[in-house]
Every structure is written in C-alpha cells, then in structure tokens.
Amino acid sequence: MIYVKPAIALLASFVKIIMSFRPKTFQEAKANFKPMKRSRMTIAIGKRNSARRRLMKKQGPKTTEWERVRAWLKIQFAKAGIQTCQLRWAGCAFDNYLGFAHAAKRRNLLDGEIYVVALLCNHCHDVIEIGPPEDMRRIVEGLFALTGIQVPKGSV
Ligand SMILES: [Zn+2]
C-alpha cells in the first residue's frame, strides 16, 4: 500500500513524457506528419485491387449494352406477366434458373436483335442451343412475338 502513491506518480510522469512528444496543435501535427510505412502485404493488396479494377474496366461496350437491355427487358416481361419458362419442354425447370435466350449466338446478332429474347429456364435454353441455329431463331422470335413487347424505335 505504501508503494501505490509513488507508483501512480511514476506512471503520471511517464504519461507526461509521452504526451510531451505528441503534437499540441493541428499545425504541429501536420508539420510532423509522416505517412505510415506500407507493408509488403498492403502493397500486394493494392496491386491486386488495381488489377481487378483494370479487369472490370475491360468489360466491352457489347456487355454494357446487354446489361442495359436486360434491365429493360426484365421490366417488360414483368409487365407482360411472363415470369416462367416460355417453352415448358420435358424436363423444364419452370420458374427456376430463368434467363433470356437470344435468337442467335451473341456475336451473330443483327442490329436490334439484342432485344428479341425468350424467357427460358436453363434446361429449355440448353435444348434450343443444341438444336439447329435456324430452329433456335424461329423459336425465340416466335416466343418474343407472343409477349407483345415492342422493341424501342431506333434500335432496329
Ligand atoms: Zn423450361
């Protein structure tokens, strides 16, 4: 118990010494500012993140266009009340794994054809892709016509 007081006094003097090293004003702090040394780990993470950003920027104009069109189509299909697979062939997943199917492979799409889609489950989508391309085109175009969705003017 006798040592408590001196111990506190000692601690207080330590704190005083430590505090004396700390800047007292903002100006002083700013003048003494040194950036934290970056560890190899943070440098590596930074490099990885900027590589990722570069990769993400590489998304082509076609992908960006399709993202915009897909968002628009989602609304149109919802408005038309189409929320299940339009084909319902044997093995159909009905309202699971739904996606938009185009009339042709992406690189073979003509102007405006990016809008012409059928809402298909993954199974039915696979089946039409295995078949002849002209059948795929006929099926998708037919199903799209059934939706009554009008492709925006100027995009065809
Ligand atoms: Zn299906």
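Since the model is a prediction, treat every value here as computed from it, not as a measurement.

> Any details on the overall build of the protein chain? Residues and values, ideally.
On a plain count of helices and strands, the protein chain comes out with six helices and two strands. Secondary structure of the protein chain in N-to-C order comes out as α-α-α-α-β-β-α-α. Taking the principal axes of its C-alpha atoms as reference, the protein chain extends roughly 95 × 40 × 30 Å. In the protein chain, which comprises 156 residues, the share counted as buried stands at 15%. Here the analysis covers contacts within the protein chain between residues at least 6 apart in sequence; of these, 67% occur between residues at least 24 apart.

> Which residues make up the domain arrangement of the protein chain, and what values do they have?
Here the protein chain is described as being made up of domain 1 (4-57) and domain 2 (61-147). On a C-alpha basis, the centroid separation for the pair domain 1 and domain 2 is 56 Å.

> How would you explain helix α1 (residues 4-21) if you had to name every residue and give the values?
Taking 1.5 Å of rise per residue, 18 residues should cover 26 Å, and α1 covers 26 Å from first to last C-alpha, within 8% of that figure. Where burial is concerned, little of α1 is hidden: zero out of the 18 residues are buried.

> Explain unusual backbone geometry to me, and be specific about the residues and the numbers.
Not every positive phi belongs to a glycine, and R88 is a case in point at roughly 55°. Relative to the assigned elements, R88 resides in the loop between α4 (61-79) and β1 (98-102). A positive phi angle is found at F94, which is not glycine, with a value near 60°.

> Mind laying out the nonpolar core, listing which residues take part and the relevant values?
In terms of nonpolar packing, the biggest core is built from 18 residues, with A101, V117, A118, L120, I139, V140 and F144 touching the most fellow members. Apart from the residues lying within four places of it in its own chain, the contact partners of F144 are V116, V117, A118 and I149.

> Which residues make up the pairing of strand β2 (residues 117-121), and what values do they have?
Judged by how many residues are buried, β2 sits mostly within the fold: five of five residues are covered. Residues V117, L119 and C121 point to one face of β2 and A118 and L120 to the other, with burial holding for every one of them. Direction of pairing for β1 relative to β2: antiparallel, over a ladder of five bridges. By the bridge assignment for β2, A101 is matched with A118.

Cut-offs and rules
- Residues numbered from 1 in each chain as written.
- Predicted model: local features only at pLDDT ≥ 70, side-chain atom pairs only at ≥ 80, totals over all residues.
- Helix = DSSP H or I, 4+ residues; strand = E, 2+ residues; numbered from the N terminus.
- Buried ≥ 20, exposed ≤ 12 C-beta atoms within 10 Å, placed from the backbone.
- Contact = placed C-beta atoms within 7 Å.
- Domains from an automatic or database assignment.
- Expected span 1.5 Å × (residues − 1).
- Core = buried A, V, L, I, M, F, W, Y, C linked by C-beta atoms within 7 Å.
- Pairing = 2+ DSSP bridges.

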